[in-house]
Amino acid sequence: MQYRPLGKTGRQVSALGFGCMRLPTDPPVRSAAEIFDPNRAIDEELAGNMIRRALEQGVNYFDTAYPYHAGRSEPFLGRSIKAHREKVLLATKLPTWLVFTPDDCDRFLDEQLARLQTSRVDVYLLHSINRERWPRIRELKMLQFLERIVSDGRARHVGFSFHDDIGLFREVMDAFPWDVVQIQLNYLDRQFQAGLEGMKYAAAQGTAVVVMEPLRGGKLTDAVPPSIRELWNEAPVKRTPAEWALRWVWNLPEVATVLSGMSSPAQLGENLALAADAHPHSLTPEELALIDRVTGRYRAMQQIGCTGCAYCMPCPHGVNIPFNFSLYNDTYMFQDRSMAYRLYNQLLSPEQKASHCQECGACLEHCPQCLPIIDDLKRVDERLRRDS
């Protein structure tokens, strides 16, 4: 395992971090429609074995949040790492959208500490800052709350996760002496949200950069289109799509750790093997040029920029928003509408379909990508409904 400085904190962090948003479930997920089913419990035996293996191989950064796995992720992680607590950098997040009074901040943190079976967290983040939430964060004195929990010992380091444009990112960065920032970054999203510019801005201030969505929610590794595989096959050194994507992020010296939401022992094994050689500036100019070509081809195919993070879920009316968008994108990426058409009309229940959207707008404030979800759902239904 390779280690990197966690910004100005003086701590060393494993190049591979374990994200606990997509842990294996029981019963196991067998289709994209089931990924964010809140009734699916964590497969604690399998997930526990994965966490133990990660610890044995040197992973020391574990990231969770209040809503992950319908509130089950924090208690499970707390039980799983309890015997190794002093070796682990434990990160979790304040659900900013559920905070309505300053006292709510303390209430949530104390509940999370109890869930995690610990007296303090190593990294406590304001979860999913965007332009709508930022004024309320200031108004409810959440920044002062962060100062206080460092002083009273409930958190060692504080930061935020971010989902908005670079202008707001700079404003947030300049408002507080952050220890850690968590941003979405992969070779497709270099200029998306904070992007590479935000990464460099944060690193220049000594703030540790934690990268999420390095595989874009699995989009860069699952069922890779033939035209993309053709490009990868041109490389003299053969690598899996996951390796190309992870190496691109690890190539950046400003990145402290890369979070991977691993759902199986196979994914964990591959990522651990790659993390042993996760050096900055390790890709050649020719390899970087190849990744640029892949990026261009993907961008030409994608229609809706959904990463499947499911922050828009649950929909009050039952629409499975991420799965609808996945089906829609697949029709363009694979140039084949038949499978997506069949899944939309036969697998999804009536309330799960895009056509069931009531245009209430509840999803819009939660979307990290700021997608026009209502309009996009109309596009999905127009393309995939049975009479189209």
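One structure accompanies this document, and this report is about it. (Residues numbered from 1 in each chain as written. Predicted model: local features only at pLDDT ≥ 70, side-chain atom pairs only at ≥ 80, totals over all residues. Heavy atoms only, no water.)

### As for the packing of helix α13 (residues 338-347) against helix α14 (residues 373-384)
Between α13 and α14, whose axes approach to 10 Å, the crossing angle comes to 105°. Judged on the interaxial angle alone, α14 and α13 are roughly perpendicular. For the pair formed by α13 and α14, the contact residues are Ala340, Tyr341, Tyr344 and Asn345 on the first element and Val380, Asp381 and Leu384 on the second. Counted by class, the contact of α13 with α14 contains five nonpolar, one polar and one charged residues. (Axes fitted to C-alpha atoms, helices over the stretch in contact; angles between N-to-C directions. Helix = DSSP H or I, 4+ residues; strand = E, 2+ residues; numbered from the N terminus. Parallel < 35°, antiparallel > 145°, perpendicular 65-115°, else oblique. Contact = heavy atoms within 4.5 Å. Nonpolar A, V, L, I, M, F, W, Y, C, P; charged D, E, K, R; others polar.)

### Some details on the sheet that holds strand β6 (residues 61-63)
Taken in spatial order, the eight strands of this closed barrel run β3-β6-β7-β8-β9-β10-β11-β12, and their pairing is parallel. Each strand axis lies, on average, 30° off the axis of its neighbour in the sheet, ignoring direction. Here strand β10 (residues 180-184) pairs with strand β11 (residues 208-212) via five bridges, running parallel. From the neighbouring strand, glutamine 184 faces β11, where its bridge partner is methionine 212. The sheet contacts of helix α5 (residues 142-151) involve β7 (89-94), β8 (121-129) and β9 (155-162), and relative to β9 the element is tilted by about 150°. Running at roughly 160° to β9, helix α6 (residues 166-173) makes contact with β8, β9 and β10 of the sheet. (Pairing = 2+ DSSP bridges.)

### Let's talk about helix α3 (residues 102-116)
Along its 15 residues, α3 runs 22 Å from first to last C-alpha, staying within 8% of the 21 Å computed at 1.5 Å per residue. For α3, every residue scored as buried is listed here: Asp104, Cys105, Asp106, Phe108, Leu109, Gln112, Leu113, Arg115 and Leu116. Following α3 by one or two positions, glutamine 117 adopts a phi angle in the positive range, close to 55°. (Expected span 1.5 Å × (residues − 1). Buried < 20%, exposed > 50% of the residue type's maximum accessible area, 1.4 Å probe, protein only.)

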